[in-house]
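Structural characterization, general
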Amino acid sequence: MESLFAFLRDFWEHLRPWITVPPWERGVRVRLGKHVKLLRPGVHLVIPFVDVVDTVAVMLQIVNLPNQSLRTLDDKTVAVSAAAAYRVSDAVKLYTEVHNYDESLVNLTMGLIADYVANHSWADCALDAIQRHVSTAVRREAKRWGIDIDHVYITDLCQHRALRLLTETTYKKVGGE
């Protein structure tokens, strides 16, 4: 019985001739697979089975970047973690210029951090220098996707020793028994 109610609810969602976009979101309507229109907050009429509407939050969001183990120009091993604060400024660009924007933003930011660390000595890897460089570069790239970067925060930066654990399988491949 519960699956019947779920089916009817989903069916109604596809037949409903309107959509409500809340104030903290923007909608993107695609009609017939090619006509793209921005939907601002409010009630909008849609044509069932002809229009596809997606919504995206436009308020400030913070995405956490995983820890990276990187090597500096002077061959020091460092660990870097970061977070990026952003908001969507253009929902149409977001849907037409980049796939999976959250993951793309994480990968772009991590790549820029890795590039900075790899091209600088440990002495030049000051927290504020990395943040300033990466924030500027990410801001420039993300703008093309309809994303405004508020700031990139380096949450952890330390020098450490790199330890590589060999599993039994790896040991045999390297030349063990």
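Residues numbered from 1 in each chain as written. Predicted model: local features only at pLDDT ≥ 70, side-chain atom pairs only at ≥ 80, totals over all residues. Heavy atoms only, no water.

1. Some details on unusual backbone geometry
Our working definition: Helix and strand definitions here come from DSSP, where helices need a minimum of 4 consecutive H or I residues and strands a minimum of 2 consecutive E residues; each element is numbered from the N-terminal end.
The backbone of Phe49 shows a phi angle near 70 degrees, a positive value even though the residue is not glycine. With respect to the helices, strands and loops of the structure, Phe49 is situated in the loop between strand S4 (42-45) and strand S5 (51-57). At Asp75, a position not held by glycine, the phi torsion is positive, near 65 degrees. For Asp75, the position within the fold is in the loop between strand S6 (61-71) and strand S7 (77-88).

2. Quick word on helix H4 (residues 127-143)
Selection criterion: For a helix, the expected span equals 1.5 Å multiplied by the residue count minus one. Note on classification: 1.4 Å probe, protein chains only; a residue is buried when its accessible area is under 20% of the maximum for its type, exposed when over 50%, partly exposed between these limits. The contact criterion used throughout is that any non-hydrogen atoms of two residues lie within 4.5 Å.
Between the first and last C-alpha of H4 there are 24 Å, a value that for 17 residues agrees with the 24 Å anticipated at 1.5 Å per step. By the burial criterion, the buried members of H4 are Ala129, Ile130, Gln131, Val134, Ser135, Ala137, Val138 and Ala142. Looking at the buried residues of H4, the elements they touch are helix H3 (101-118) and strand S8 (147-159).

3. Let's talk about a nonpolar patch on the surface
Defined as follows: Any residue with relative accessible area above 30% and no salt bridge may belong to a patch, with like charges joined within 9 Å and the nonpolar Val, Leu, Ile, Met, Phe, Trp and Tyr side chains within 5 Å. Surface accessibility in these figures is a Shrake-Rupley result with a 1.4 Å probe; residues are shielded only by whichever protein chains are displayed. One side-chain nitrogen of Lys or Arg within 4 Å of one carboxyl oxygen of Asp or Glu is enough to make a salt bridge.
On the surface, a nonpolar cluster with roughly 1400 Å² of combined accessible area is contributed by Met1, Leu4, Phe5, Phe7, Leu8, Phe11, Trp12, Leu15, Trp18, Val43, Leu45 and Phe49. Of all the secondary structure elements, the ones that give two or more residues to the nonpolar patch are helix H1 (2-15) and S4. Of all the elements, H1 adds the most residues to the nonpolar patch, at seven residues.

4. A short note on the layout of surface pockets
Spelled out, the test is: Buriedness for pockets is judged along seven lines, at least five of which must meet protein on both sides within 12 Å for an open set on the 1 Å grid over protein atoms alone, while cavities are sets there where a 1.4 Å probe fits but cannot get out, and lining residues have an atom within 4 Å of a point. Grid points are joined across faces, edges and corners, and a volume is the space filled by probe spheres set on the points. Under the scheme applied, nonpolar residues are Ala, Val, Leu, Ile, Met, Phe, Trp, Tyr, Cys and Pro; charged residues are Asp, Glu, Lys and Arg; polar residues are all the others, including Gly.
By volume, the largest pocket is sized at about 300 Å³. Contributing to the lining of the largest pocket are Glu13, His14, Arg16, Trp18, Ile19, Val46, Ile47, Pro48, Phe49, Asp51, Val52 and Val53. Those elements that provide at least two residues to the lining of the largest pocket are H1, strand S1 (18-21) and S5. For the lining of the largest pocket, the leading source of residues is S5, giving three residues. Classifying every residue of the lining of the largest pocket by side-chain character gives eight nonpolar, one polar and three charged.

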